Amino acid sequence: VLRSGSFLINWFVDQFVPEGRKDPTVFSRLDAAAQEIPIGCDGLLIQPYWSGVMDPYWDVSARGVTFGQSGSHKLAHFYRAILEGITLDQVMRTCALEEASGQTIDYYVAIGGGAGSPLWRQMLADASNKPVLIIDTLEASALGAGMTAAFGAGWFSSIAEAASQMAGHETQTIDPHAGASERYEALLDIYEKVYDACAGINRRLVEFAK
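Here the residue numbering is sequential within each chain, running from 1 through the sequence in written order. Only residues with pLDDT of at least 70 get local features here, since the model is predicted, and only at 80 or more are side-chain atom pairs given and counted; chain-wide, interface and lining totals rely on the full set of residues. Heavy atoms throughout the structure, all of them, feed into the side-chain values; hydrogens and water do not.

Student: Please clarify how the overall build of the protein should be interpreted in this entry.
Tutor: Here a strand is any run of E in DSSP of at least two residues, a helix any run of H or I of at least four, and the numbering for each starts at the N terminus. Helix and strand counts for the protein stand at 8 helices and 5 strands. Walking the protein from its N terminus toward its C terminus, one meets helices and strands in the order α-α-β-β-α-β-α-β-α-α-β-α-α. Dimensions of the protein along its principal axes, counting C-alpha atoms only, are 60 × 35 × 35 Å. A simple rule labels every residue: compare its accessible area, found with a 1.4 Å probe on the protein chains alone, to the largest value its type can have, and call it buried under 20%, exposed over 50%, or partly exposed in between. The buried share of the protein, reckoned over its 210 residues, is 40%. Partitioning the contacts of the protein with sequence separation of at least 6, the portion at a separation of at least 24 is 72%. A total accessible area of about 11,700 Å² is found for the protein, and carbon and sulfur atoms account for 57% of it. In this tally, Lys and Arg are treated as positive and Asp and Glu as negative; His is ignored, and so are the chain termini. By convention, charge coordinates are those of NZ in Lys, CZ in Arg, CG in Asp, or CD in Glu. Taking the 15 positively charged and 25 negatively charged side chains of the protein as two groups, their mean positions are separated by 10 Å. Should any heavy atoms of two residues lie within 4.5 Å, those residues are considered in contact. Where accessible areas are quoted, they stem from the Shrake-Rupley method and a 1.4 Å probe; at the residue level, only the protein chains shown are allowed to cover.

Student: It is not clear to me how the packing of aromatic side chains should be interpreted in this structure. Could you clarify?
Tutor: When we look at a pair of aromatic rings, we describe it by the centre distance and by the angle of the planes. Pairs were defined over the aromatic rings of Phe, Tyr and Trp, the Trp ring being its six-membered one, requiring ring centres within 6.5 Å. Orientation was assigned from the angle between planes: stacked under 30 degrees, edge-to-face over 60, tilted for the rest. Throughout the structure, instances matching the rule amount to 5 aromatic pairs. Considering the side-chain rings of F12 and F16, the 5.6 Å spacing of their centres and the 40° angle between planes classify their relative orientation as tilted. With F12 and F16 both in helix α1 (residues 5-16), this residue pair falls 4 residues apart, about one helical turn. Connected via pairs of aromatic rings, a cluster forms that spans W11, F12, F16 and W50.

Student: Explain the state of the cysteines to me, please; I cannot follow it from the model alone.
Tutor: Simply put, disulfide is the name for a covalent bond between the sulfur atoms of two cysteines. Cysteine sulfur atoms that pair up within 2.5 Å are treated as a disulfide. A full pass over the atoms with the stated rule returns 0 disulfides. With no disulfide partner, C41 has as its closest neighbouring cysteine sulfur the one in C198, 17 Å distant. When its relative accessible area of 11% is taken as the criterion, C198 is described as buried.

Student: Looking at this structure, how should I read a nonpolar patch on the surface?
Tutor: Side chains of Y107, V109 and I111 sit close together on the surface and give an oily, nonpolar patch of about 280 Å² of accessible area. Looking at where I111 falls in the secondary structure, it is placed in the loop between β3 (108-110) and α4 (118-128). In this structure I111 comes out as partly exposed when scored by relative accessible area, which is 40%. Patches in this entry comprise residues that are over 30% relatively accessible and not in a salt bridge; like charges within 9 Å are linked, as are nonpolar side chains (Val, Leu, Ile, Met, Phe, Trp, Tyr) within 5 Å. Throughout this description, the term salt bridge denotes a Lys or Arg side-chain nitrogen within 4 Å of a carboxyl oxygen of Asp or Glu.

Student: Is there a simple way to think about the nonpolar core in this case?
Tutor: General note: in soluble globular proteins, nonpolar side chains tend to be found buried as a group. Throughout this description, the term nonpolar core refers to a set of buried Ala, Val, Leu, Ile, Met, Phe, Trp, Tyr and Cys residues connected via side-chain atoms within 4.5 Å. Residues Y79 and V132 are the most contacted members of the largest nonpolar core, which totals 46 residues. Considering every element that reaches this core, the biggest residue donor is helix α3 (residues 75-101), with 9 residues. Excluding its chain neighbours within four sequence positions, the residues that come into contact with V132 are Y108, A110, R121, L124, A125, Q172, T173 and I174.

Student: Would you take a moment to explain unusual backbone geometry for this structure?
Tutor: Excluding glycine, residues mostly carry a negative phi; peptide bonds, for their part, are mostly trans. For the bond from D55 to P56, the omega torsion is 5°, close enough to zero to count as cis. A positive phi angle is found at E19, which is not glycine, with a value near 75°. Looking at the element boundaries, E19 is found in the loop between α1 and α2 (26-35). One non-glycine residue, D42, adopts positive backbone phi at about 55°.

Listed below in structure tokens is the structure:
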């Protein structure tokens, strides 16, 4: 459970991009600019714990941390660094799940608003070295609620029947780019050290701010 997630993207756009989300092209423009920036954002790294962190640290005092910023970094660097931070955190947790369960996770299914970003879904595929599947209904949680309601209303004899009738059947697969996972693996090795390095400082800052 990464409590900031896509909220952090919206927060960043609203706070630092002219017009914010009022501009219907804002995310496509930022994605296009960020695609021109190499993996690792020219040395910029962000820990996306704006709202504390649940697993694996369970720390309400965790906060966002930005490392490596310099005068050469532009708006798109920070945008991409946020996406990379969220993505690296997801990959870190996936690896932990695989290790704890003794099972291999073969692919992701991306849903919600972030799944509409070609940059972000390719980033997840590359960083995890796993395919990312995009179903034809991005708002799958709402669809699942509708399936349950349809069964409750008596339109179908079971939730399974409702699902088979109401779900889409088109799936797009995003495959990892060759060689990208090695760069992300090296970046993840750095990212995994950020929390321990900063946890004590963040706790002191939270106390100070009180």
